[in-house]
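Summary of the model geometry
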Amino acid sequence: MPILHGHPISQPCRSIQWFIDYSGVECEVKIVDLMSGGHKAPEFIAKFPNAQVPAFEDGDLCFGESIAILQYLADGNDIVPTDKKGKARLQEYFGRHLSQVRKFSTEIIRHVFFEKDADEKKKKIAAGIESTKAMMDSFEAHFEKNKFVLGDTLSLADFMFAPEVDQLFMVEYDFKTYKNVGAYIERLKEVKGYTKMREDMSEALKVMTAKMAAKQ
Amino acid sequence: NKEKQKMPSTILYGHPVSQPSRSCQWFVDFSDQKVEIVTIDTFKAEHKKPEFIEKFPNGQFPALEDGGFYLSESMAILKYLARSDPRFTPKDSQQQARLDEYLGRHYSTLRKISTDFFRPFMLGNKDMIEPGYESIKTILEKFDARLATQPYVLGDSLTLADFLFVPEVDQLQVVGEQYLEPFKNIRSYLGRLTRDVDGYKKCFDEMTQAVGVIQAAHRRRQQQQQQQ
């Protein structure tokens, strides 16, 4: 059976875990203890030289990168587009995700975990919210007329996108202003596996926060 | 008589200095496809004008227009252009995974060559060049090591990964020969591509020419400012 190595605190890991639960695809999930440097252990690096999660193995095949893992697991599932335009739109979203949408994590959420000074944390989070505002505005406009990221139907794009935006509750993000994005997140609760993914994340966050507090 | 329908045209909008544009344009030339290449006038911010934004809301290039279908993101454009080409169709899920793994990593690793090293050079931020170079050395070393044992980025064959990879690394020598010098396997890889792969030499030459034009314009502007 293939194995996903990950951790629910990582957005791309959540994307894949959610897809596994949604689709019922056969895949074992192993939690990597990131806080103890599990991703830097020799046995891990031997298979996954980039020392990152999510990491995936299927027999001898070992690779990383969430868009690669997600597409590999989704192969054969109805959710995968088969027409040239549908395929192109999905790849277009992946490109945008990697260069832009990831900024919700790299420019906002990372400070929650990595910035120790309370004032600096506040400043950096505010700066990240500002720098990602235009992007959020464009998604707000998008969800005025569209139910999901690529239109009327759930797609792999939603699996990548949702964990980037729904985590913003961690910084008390103003979802009142972004009511369409908020409604989209609510809508996802009807999708199999989504609520469990959110619960796993909340639980992991609680554990991490407690550990970080204990260290200080 | 059936009226002959006008062939919908395919247009690639880009710029010869933009690395992802170069990837796509090189692929068009390599694969000999009927795609019109339109260079965005960045001085006039053509990509921010309403006519462009209407088709491509993100205001970015490269951008592809195919009949009434509008597509952005180099990764998507490359896959779309290559969709019927058996040479670029991964033969199994393993090969597909390796390609997608590269595409995923490209943004967080190779792209830094442009953002942290090449862009400061183009903007004339001389004091950012050395620190930028330091920050990209590790990724260059990794790929240099990889190219010691295989001819292309993903193995024995040219793939879409090479089309994305090359316009990031070949810029090093434009900033200065010394920057590419330590990476002999990347150098010989680029040499092989120049010799053997259709469209690459043209892709590189157009870039160096365009860099020259931009830098000349900067110098003129600086001179004018100094005279005022």
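Remember, predicted model here, so these are calculated numbers, not experimental data.

Okay, the overall build of chain A next. Assigned secondary structure in chain A consists of 10 helices and 4 strands. Listed by position from the N terminus, the elements making up chain A come as β-α-β-α-β-β-α-α-α-α-α-α-α-α. Whereas a compact globule of 216 residues would reach a radius of gyration of roughly 17 Å, chain A reaches 17 Å, a difference of no more than 12%. Here the C-alpha coordinates of chain A stretch approximately 55 × 45 × 30 Å along the principal axes. When burial is assessed residue by residue, chain A has 51% of its 216 residues classed as buried. Long-range pairs, those at least 24 residues apart, make up 70% of the contacts in chain A between residues at least 6 apart in sequence. Taken as a whole, chain A presents about 10,600 Å² of accessible surface, with 52% of it coming from carbon and sulfur.

With that settled, consider the side chain of Gln17(A). All names here are of chain A. Of note, Gln17 is situated in helix α1 (residues 11–23). With a relative accessible area of 17%, Gln17 lands in the buried category. Dropping the residues within four chain positions of it, Gln17 is found in contact with Leu4, Val29 and Lys196.

With that settled, the discussion passes to the pattern of salt bridges. Residues and elements named next belong to chain A. In total, this model carries 24 salt bridges over all chains according to the counting rule given. Glu57 is the salt-bridge partner of Lys47, the closest N and O atoms lying 2.9 Å from each other. Residue Lys47 is found in helix α2 (residues 42–47), and its partner Glu57 is found in strand β3 (residues 55–58); the two are separated by 10 residues along the sequence. Its salt-bridge partner being Glu115, residue Lys124 comes within 2.7 Å of it at the nearest N-O pair. Among the residues examined, Lys124 registers a relative accessible area of 31% and is labelled partly exposed. Each member of the salt-bridge network shares a partner with another, and the members are Asp21, Lys196 and Asp200.

Another point: the pairing of β3(A). Residues and elements named next belong to chain A. As paired elements, strand β1 (residues 3–6) and β3 share 3 bridges and run antiparallel to each other. Across the sheet, residue Ile3 finds its bridge partner in β3, namely Glu57. Relative to strand β4 (residues 61–64), β3 runs antiparallel, the two sharing 4 bridges. Note that in β4 the partner of Phe56 across the bridge is Phe63. The hairpin turn running from β3 into β4, its antiparallel successor, is 2 residues long, and Gly59 in that turn takes a positive phi close to 65 degrees.

Bringing the packing of aromatic side chains into the picture now. One pass over the structure, following the stated rule, counts 38 aromatic pairs over all chains. For the ring pair Phe56(A) and Tyr72(A), a centre distance of 5.3 Å and an interplane angle of 65 degrees mean the geometry is edge-to-face. Placement of the pair is Phe56(A) in strand β3 and Tyr72(A) in helix α3 (residues 66–74), with a sequence separation of 16 residues. You can call Phe56(A) buried: its relative accessible area is 0%. By relative accessible area, Tyr72(A) is classed as buried at 19%. Centre to centre, the rings of Tyr13(B) and Phe52(B) are 5.7 Å apart; their planes meet at 90 degrees, and the pair counts as edge-to-face. With Tyr13(B) in strand β1 (residues 10–14) and Phe52(B) in helix α2 (residues 50–55), the pair connects residues that are 39 residues apart, well separated along the chain. Taking relative accessible area as the criterion, Tyr13(B) reaches 11% and is therefore assigned buried.

Our next topic: the sheet that holds strand β3 (residues 63–66) of chain B. With mixed pairing, 4 strands are arranged side by side in an open sheet as β2-β1-β3-β4 (chain B). The sheet is open, and its two edges are formed by β2 (36–39) and β4 (69–72) of chain B, each paired on a single side. Each adjacent strand pair in this sheet contributes to an overall mean axis angle of 20 degrees, direction not counted. Bridge count between β1(B) and β3(B): 4 bridges; the pairing is antiparallel. Residue pairing for β3(B): Tyr13(B) is matched across the bridge by Ala63(B). Against the sheet, helix α4 (residues 84–101) of chain A engages β3 and β4 of chain B, with an angle of about 30 degrees to β4(B). Across the sheet, helix α3 (residues 74–81) of chain B touches β1, β3 and β4 of chain B, and the angle it forms with β4(B) is around 130 degrees.

So, on to the confidence of the model for chain B. When pLDDT drops low, the exact placement of atoms in the prediction is not to be read closely. In this model, chain B carries a mean pLDDT of 94, and residues with pLDDT of at least 70 account for 96%. Across the interface, the model reports ipTM at 0.95; the global pTM reads 0.95.

A cis amide bond links Val53(A) to the next residue, Pro54(A), at an omega of 0 degrees. A cis amide bond links Phe61(B) with the next residue in sequence, Pro62(B), at an omega value of 10 degrees. Of note, Pro62(B) is situated in the loop between α2 and β3. Unlike most non-glycine residues, Glu65(A) shows phi in positive territory, near 80 degrees. One can find Glu65(A) in the loop between β4 and α3. Judged by relative accessible area, Glu65(A) falls into the buried class, the value being 14%. Even without being a glycine, Glu172(A) presents a positive backbone phi close to 55 degrees. If you trace the backbone, Glu172(A) turns up in the loop between α8 (156–165) and α9 (179–188).

Here is what the cut-offs are and how they apply
- Residues numbered from 1 in each chain as written.
- Chains lettered and ligands numbered in written order.
- Predicted model: local features only at pLDDT ≥ 70, side-chain atom pairs only at ≥ 80, totals over all residues.
- Heavy atoms only, no water.
- Helix = DSSP H or I, 4+ residues; strand = E, 2+ residues; numbered from the N terminus.
- Rg over C-alpha atoms; globule rule 2.2 N^0.38 Å.
- Buried < 20%, exposed > 50% of the residue type's maximum accessible area, 1.4 Å probe, protein only.
- Contact = heavy atoms within 4.5 Å.
- Areas by Shrake-Rupley, 256 points an atom, 1.4 Å probe, with all protein chains shown as cover.
- Salt bridge = Lys/Arg side-chain N within 4 Å of Asp/Glu carboxyl O.
- Pairing = 2+ DSSP bridges.
- Phe/Tyr/Trp six-rings, centres within 6.5 Å; stacked < 30°, edge-to-face > 60°.
- Axes fitted to C-alpha atoms, helices over the stretch in contact; angles between N-to-C directions.
- pLDDT = per-residue confidence, 0-100.

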